[in-house]
Amino acid sequence: MRHPSLVPLSHDHHHGLALALRCRKQALGQIKPMGLEGLKERAAEFRAFFAANLVRHFRAEEEVLFPLIGELIPESRAMIDQLLKDHEEIRGATQRLESDTGLSKIIFDLGDLLERHIRKEERELFPLFEQHVGMKEAEGADAEMKKI
């Protein structure tokens, strides 16, 4: 069971994983409508999810969670650097969803990246938080993330 301060992020992750699967399936022509029409629908869905969820989700991680974990667990810094790089790649790919050129590959790759990113946080980063962050720090992080 997740630490209570991580539950909102895990909820976002659940929805993100479902979207990542839809992106990959859409790009492979396994979801109707197929072709450019379906790809445009999925691109619009991803942009909406990004605006409604990922903008604040990334801010909470970048401004609160990652700095806290990096400070308390120095060996986590390489993983955090990779997660930050993923955030930048996701932001960039989201902007490229406006184009019709190469949309299938962009959507497939974006779904793949989002899934790998979420799995790394859920399977590696969050367990580190739960093992090493004390109650006082966790409560402080929770309060700061709720402000975002």
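Refer to the preceding data block for the structure.
Described in the following lines is the structure provided in the data block. Counting from 1, residues in each chain are numbered in the order their sequence is written. Per-residue local features of the predicted model are confined to residues with pLDDT of at least 70, and side-chain atom pairs are confined, for both listing and counting, to 80 or more; whole-chain, interface and lining totals are unaffected and use all residues. Values shown for side chains rest on all heavy atoms present in the structure; no hydrogens or waters enter the calculation.

### A few points about the overall build of the chain
Our working definition: For helices the rule is a DSSP run of H or I covering at least 4 residues; for strands it is a run of E covering at least 2, with both sets numbered from the N terminus onward. What the globule rule says is 2.2 Å times the number of residues to the power 0.38, and the radius of gyration is computed from C-alpha atoms. Buried, partly exposed and exposed residues are distinguished by accessible area as a fraction of the type maximum, computed with a 1.4 Å probe on protein chains only: under 20%, between the cut-offs, and over 50%, respectively.
Looking only at helices and strands, the chain features 5 helices and 0 strands. In sequence order, the chain lays out its α and β elements as α-α-α-α-α. A globule of 148 residues ought to have a C-alpha radius of gyration of about 15 Å, and the chain, at 16 Å, matches this closely. Dimensions of the chain, computed from the C-alpha atoms along their principal axes, are close to 50 × 25 × 25 Å. Within the chain, the proportion of its 148 residues that are buried is 45%.

### Examining unusual backbone geometry
The amide bond that connects Lys32 to the next residue, Pro33, takes the cis arrangement and shows omega of 0°. For Pro33, the position within the fold is in the loop between helix H1 (7–27) and helix H2 (35–72).

### Brief notes about helix H4 (residues 103–132)
Keep this limit in mind: Helices are assigned an expected span. That span is 1.5 Å times one less than the residue count. One axis is fitted to the seven residues ending at the residue and one to the seven starting there. The bend at that residue is the angle between these axes.
For H4, built from 30 residues, the straight-helix expectation of 44 Å at 1.5 Å per residue is met to within 8% by its first-to-last C-alpha distance of 42 Å. Glu121 marks the point of greatest bend in H4, at about 35°.

### What to know about the packing of aromatic side chains
Operational definition: Here the aromatic set is Phe, Tyr and Trp, taking the six-membered ring for Trp, and pairing holds for ring centres within 6.5 Å; pairs whose planes are under 30 degrees apart are stacked, those over 60 apart are edge-to-face, and all others are tilted.
Counted under the stated rule, the structure contains 1 aromatic pair. With a centroid separation of 6.2 Å and 80° between ring planes, the pair formed by Phe50 and Phe58 is classed as edge-to-face. Assigned by exposure class, Phe50 and Phe58 land together as buried.

### Overview of the packing of H2 against H4
Definition in use: For helices, the fitted axis covers only the stretch in contact; all axes are lines through C-alpha atoms, and the angles between them, taken along N-to-C directions, range from 0 to 180 degrees. Roughly parallel refers to an angle under 35 degrees, roughly antiparallel to one over 145, roughly perpendicular to one between 65 and 115, and oblique to any angle outside these ranges. Note on convention: the crossing is left-handed when the near helix lies turned anticlockwise from the far helix by less than a right angle, right-handed when the turn is clockwise. When checking whether two residues touch, look at their non-hydrogen atoms; a contact exists if any pair is within 4.5 Å.
Contact pair H2 / H4: the axes reach a minimum separation of 11 Å and the direction vectors enclose 25°. Comparing their axes, H4 and H2 come out roughly parallel. Classified by chirality, the crossing of H4 by H2 is left-handed. Where H2 abuts H4, its residues Leu36, Leu39, Lys40, Arg42, Ala43, Phe46, His57, Glu61, Leu65, Phe66, Leu68 and Ile69 lie against Leu103, Ser104, Ile107, Leu110, Leu114, His117, Glu121, Leu125, Phe126 and Phe129.

### Description of the pattern of salt bridges
Rules: Salt bridge, as used here: a side-chain nitrogen of Lys or Arg that lies within 4 Å of a carboxyl oxygen of Asp or Glu.
Summed over all chains, the structure comprises 17 salt bridges. Residue Glu62 pairs with Arg91 through a salt bridge whose shortest N-O separation is 2.9 Å. Of this pair, Glu62 sits in helix H2 while Arg91 sits in helix H3 (residues 77–96); the two residues are 29 residues apart in sequence, bridging distant segments of the chain. Exposure remark for Arg91: the relative accessible area of 22% places this residue in the partly exposed category. With its nearest N and O atoms 2.6 Å apart, the salt bridge here joins Lys105 to Asp109. Separated by 4 residues within a single helix, Lys105 and Asp109 lie in helix H4, roughly one turn from each other. Among the charged side chains, a salt-bridge network with shared partners connects Arg2, Glu122 and Glu130.

### A short note on the environment of Leu28
Looking at where Leu28 falls in the secondary structure, it is placed in the loop between H1 and H2. In this structure Leu28 comes out as exposed when scored by relative accessible area, which is 54%. When the C-alpha positions of Leu28 and Gly92 are compared, they lie 22 Å apart, and in sequence the two are 64 residues distant.

### A word on the environment of Thr94
Stated formally: Identification of polar contacts relies on pairs of N or O atoms within 3.5 Å, with a donor-acceptor requirement for protein atoms, meaning one able to donate a hydrogen and the other able to accept it, and with residues adjacent in sequence counted only if both atoms are side-chain atoms.
Residue placement: Thr94 occurs in helix H3. On a C-alpha basis, the gap between Thr94 and Arg47 in space is 6.3 Å, while along the polypeptide they are 47 residues apart. Other than its neighbours up to four places away in sequence, Thr94 contacts Phe46, Arg47, Phe50 and Leu110. At 2.7 Å, the side chain of Thr94 and the backbone oxygen of Ile90 are in polar contact.

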